[in-house]
Structure formats: C-alpha cells, structure tokens
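The residues making up each chain are set out below.
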Amino acid sequence: MTTDNTHVGDWLNAAIEQAEMSWHQGGIPIGSVLADASTGEIVSRGHNERVQKGDPTAHAEVACIRSAGRRRDWQSLTLVSTLSPCSMCSGTAVLFKIPHVIVGENMSFQGAEQWMIDHGIKLTILNDPRCIALMERLLCEKPDLWAEDIGQ
C-alpha cells in the first residue's frame, strides 16, 4: 500500500467540508473520508452525527465507514479524519484492516493512536491549522457538548 501524497490535501479538504457540515447542522465539527490510496478517489464521506441523530456511536469515522457499505478492498483504503480517532473509531479501522489513517489534528484530543500503530496501521499526523481551529471553536462555543462527546 502506497499513498500518493498529492491527494492528501484534497482528502483533508473533503474531511473538513464534512466537519463544517456537521457544525452547521448543530453537531460536533469532525469529518472523515475514506479514499482509495492508489487512485486518490474518495469512496465515502461522513461527519459526526451524534447530536443530529441522538446516536452516541455516530462518530465521523464510523459514519464514513458505514457509508462505504459492504466491500472487500478495505486494505487498499486510507481513512482521513479531522481529529484523532477515539477508541471506538480506531477499533473500527483496526477491525477492517485499514492500513493508513491520516489525522488532521491531535492537539485537542489524542485518540487510540498507539493502539492503531501497534495493530499495524500507518498513522500520519498533520496538525493542520484549520482542523485545530474547528476544535478550538467547539471548545470555546460549546464546551459541554465536547465534554459529552468524549464521555466527561
């Protein structure tokens, strides 16, 4: 599995669009895309819908993977998320043997990164200023919502 770095920016832009969509719907600004590492094609998109659906498992990465449907090519895909994936989302990536996870930022929350690495996932941390700003906005404007999302 190789990732053509020319596509990473497009993938992150698409994940940020998903995060903004969630925010405008009154939800948590986290977005995710699943892309074919060899072609660069985005095969699915998702955003955090926990607030919108009242579903505590509707995190961006899970929504994105769910949107991808039944497939047999998980090992050729790259998961991109605007925020470091939590334990549940990391577990989903490990379960489907997604070989590469790209994280927009892990400064406001560091998920199960070492666990993913221990299970053979290549992790790329970007700490993109736009992703950091998304979470700073959430923490500033809706701190209770963020606390609820991470179980505090």
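Quick notes on the rules
- Residues numbered from 1 in each chain as written.
- Predicted model: local features only at pLDDT ≥ 70, side-chain atom pairs only at ≥ 80, totals over all residues.
- Heavy atoms only, no water.
- Buried < 20%, exposed > 50% of the residue type's maximum accessible area, 1.4 Å probe, protein only.
- Helix = DSSP H or I, 4+ residues; strand = E, 2+ residues; numbered from the N terminus.
- Contact = heavy atoms within 4.5 Å.
- Polar contact = N/O pair within 3.5 Å; in protein donor to acceptor, adjacent residues only side chain to side chain.
- Pairing = 2+ DSSP bridges.
- Phe/Tyr/Trp six-rings, centres within 6.5 Å; stacked < 30°, edge-to-face > 60°.
- Lys NZ or Arg CZ within 6 Å of the ring centre and 35° of its normal.
- Right-handed = clockwise from strand over helix to strand, strands pointing away.

As a further point, take helix H4 (residues 87-95). Of all the positions in H4, only Cys89, Ser90, Thr92, Ala93 and Val94 are classed as buried. Within two residues after H4, Lys97 carries a phi angle of roughly 55°, on the positive side.

As a further point, take the environment of Asp128. Checked against the element boundaries, Asp128 lands in the loop between strand S5 (122-125) and helix H6 (129-141). Of the residues examined, Asp128 reaches a relative accessible area of 15% and is grouped as buried. For Asp128 and Thr82, which are 46 residues apart along the polypeptide, the C-alpha to C-alpha distance reads 8.6 Å. Contact partners of Asp128, with chain neighbours within four places excluded, come to Leu12, Ile16 and Gly104. Polar contacts involving the side chain of Asp128 include one to the main-chain amide nitrogen of Arg130, which spans 2.8 Å.

This part is about the pairing of strand S2 (residues 42-47). Judged from the 5 bridges that link them, strand S1 (residues 31-36) and S2 form a sheet pairing that is antiparallel. Of the residues in S2, the one forming a bridge with Leu34 is Ser44.

Relative to the helices and strands, Thr92 is located in helix H4. Setting aside anything within four residues of it in sequence, one finds Thr92 in contact with Val62 and Ile65.

For the rest of this paragraph, the subject is the packing of aromatic side chains. As enumerated under the stated definition, the model contains 2 aromatic pairs in all. Note on Phe109 and Trp146: the rings are 5.9 Å apart at their centroids and 85° apart in plane angle, and the pair reads as edge-to-face. One end of the pair, Phe109, is in the loop between strand S4 (100-103) and helix H5 (113-118); the other, Trp146, is in helix H7 (residues 143-149), and 37 residues separate them in sequence. Directly above the ring of Trp23 sits Lys142, whose terminal nitrogen or CZ lies 4.6 Å from the centroid.

The two faces of S4 match: His100 and Ile102 on one face and Val101 and Val103 on the other face are all buried. For strand S3 (residues 77-81) and S4, the ladder comprises 4 bridges, and the chain directions are parallel. Looking at the pairing, Val80 lines up with Ile102 of S4. Following the chain from S3 across H4 to the adjacent parallel S4, one finds a crossover that is right-handed. Pairing of S4 with S5 involves 4 bridges; the strand directions are parallel. Bridge pairing in S5 places His100 opposite Lys122. In the classification by handedness, the crossover that spans S4, the intervening H5 and the parallel S5 is right-handed.

Note that every value here comes from positions in space, so none of it alone points to a role or purpose.
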